[in-house]
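Coordinate analysis (summary)
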Amino acid sequence: TAAVAVNVYGNDLDALDRDARAVATALAGVSGAADVQVQSPPGTPQLNIHLREYDLQRWGLAPAQVLDAVRVAYQGDTVGQVYEGNRVFEVAVTMDPALRRSVSEVGALLLRSPGGTWVPLRAVADVYQGSGRYVVLHVGGQRVQTITCNVGGRDVAAFVREAQRKIATVSLTPGSSVEFSGTAQAQAQGRRDLFLHSGLVAIAITLLLSMAMGHARNLLLLLANLPFALVGGVIAVLMVGGALSIGALVGFVTLFGISLRNSILLLSHYQHLVEVEGMAWGPEAAARGASERLSPILMTALATALGLLPLALGTGAPGREIEGPMAIVILGGLVTSTVLNLGVLPALALRFGRFGNAPSSSAS
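No experiment lies behind these values; they were computed from the predicted model shown.

Here we take up the overall build of the chain. Along its length, the chain carries 12 helices and 11 strands. Compactness check: the chain gives a C-alpha radius of gyration of 36 Å against a globular reference of 21 Å for 364 residues, more than 25% above the reference. On the principal axes, the C-alpha backbone points of the chain span a range of 120 × 65 × 35 Å. Counting across all 364 residues of the chain, residues that qualify as buried make up 34%. Pairs at least 24 residues apart make up 71% of the contacts formed inside the chain by residues separated by at least 6 positions. Counting 25 positive and 24 negative side-chain charges, the chain places the averaged centre of each group 6 Å from the other.

This structure, assessed with the given rule, holds one cavity of 30 Å³ or more. When its volume is computed, the largest cavity comes out at roughly 40 Å³. Every residue along the wall of the largest cavity is listed here: Leu13, Leu16, Asp17, Ser40, Arg133, Val135, Val136, Leu137, Val144 and Gln145. Broken down by secondary-structure element, the contributors of at least two residues to the lining of the largest cavity are helix H1 (13-28) and strand S10 (142-151). When residues of the lining of the largest cavity are assigned to their parent elements, the largest contribution, three residues, is made by H1. Its residues assigned to classes, the lining of the largest cavity shows six nonpolar, two polar and two charged.

To continue, consider the layout of surface pockets. Reported here for the second largest pocket is a volume of approximately 350 Å³. In this structure, the second largest pocket is lined by 16 residues; those nearest its centre are Ser198, Ala202, Ile205, Val253 and Phe256. Elements supplying a minimum of two residues to the lining of the second largest pocket: helix H5 (183-213), helix H6 (216-239) and helix H7 (246-275). Take the lining of the second largest pocket: its biggest share by element is eight residues, from H5. Classifying every residue of the lining of the second largest pocket by side-chain character gives 13 nonpolar, three polar and no charged.

Further remarks concern the confidence of the model for the chain. Residues at a pLDDT of 70 or more form 96% of the chain, whose mean pLDDT is 84. By mean pLDDT, helix H12 (residues 360-363) is the weakest element of the chain at 41, and strand S5 (residues 87-93) is the strongest at 93. Per-residue pLDDT stays below 50 along residues 358-364; that stretch engages in 10 contacts with residues further than four places along the chain or on separate chains.

Procedures and definitions
- Residues numbered from 1 in each chain as written.
- Predicted model: local features only at pLDDT ≥ 70, side-chain atom pairs only at ≥ 80, totals over all residues.
- Heavy atoms only, no water.
- Helix = DSSP H or I, 4+ residues; strand = E, 2+ residues; numbered from the N terminus.
- Rg over C-alpha atoms; globule rule 2.2 N^0.38 Å.
- Buried < 20%, exposed > 50% of the residue type's maximum accessible area, 1.4 Å probe, protein only.
- Contact = heavy atoms within 4.5 Å.
- Lys, Arg positive; Asp, Glu negative; His and termini not counted.
- Charge placed at Lys NZ, Arg CZ, Asp CG, Glu CD.
- 1 Å grid on protein atoms, 1.4 Å probe; cavity = no way out; pocket = protein on both sides within 12 Å on 5 of 7 lines; lining within 4 Å.
- Points joined across faces, edges and corners; volume = space filled by probe spheres on them.
- Nonpolar A, V, L, I, M, F, W, Y, C, P; charged D, E, K, R; others polar.
- pLDDT = per-residue confidence, 0-100.

This is the structure:
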């Protein structure tokens, strides 16, 4: 549930506790750390009842009999059921709450010996207070202490890098090891997977576009539209805090797809005007192609923007950790991509484009 979790592995519980406290101290010293907690801290109050075998034999009491009496007296035990219509109620027996308020009175619990004698618990056992732990955490069969914290006022990835450098200077017990996990680690893994898969898809799309466009210059014109979208997306991210989350990265991937589609609409229409309608490639064809593709490009941008606007306005609401940043990036990129696609791309196509069998002199 925390943004950053640090697992400290070891065998000795006391050494593990010391290492966990040292790591927690180092983590708390990192700028932006908040709510630093050790998940299974030692020192939990505990009441110990240590039976004395000699005294048990003297009074003829069995260890299981004594411990069972303590359990029933202080925890209770179910002895029957009461039925009322179709409802069933458990009947439990336990000691009077007035007799269970003080720890010092535990030793006064009376036990009945086989001979009928009443023996106080302190006569056969040592009752004392100590400290213990309510749970021993394990991961993969190894004992572990987990230190968690949240991050405020800075990027989680940068916080983790600084925390790793600082914790690396902590002197741990031989045999102990440290591992980072939590939301930040999961986001980093998701970011790496997204970059890898997006890169593979980008290579495949580039190969397909190169076969479809028929000319290397036209392919470069298509790819030149990606910075148009990148500008708006980056500005949108900076306006909402500058955190590059998984949702924002997904938004950039989606935005590049929409931007490429609009560029393909425009450049393919230029190809149609030259090859099918026989227009000479020049300023007139560039202006006509841009005006005829104005409506489709604007409708694509507007429909996408209107669909994503509610998600962008609800950024920060529970359940919108992915959709909110994604919508903001797409909206910001659509503005610059649409404007520059219709205003700058025709000029670039007029200067560098090659359509049909038009000579290079006419293109210039």
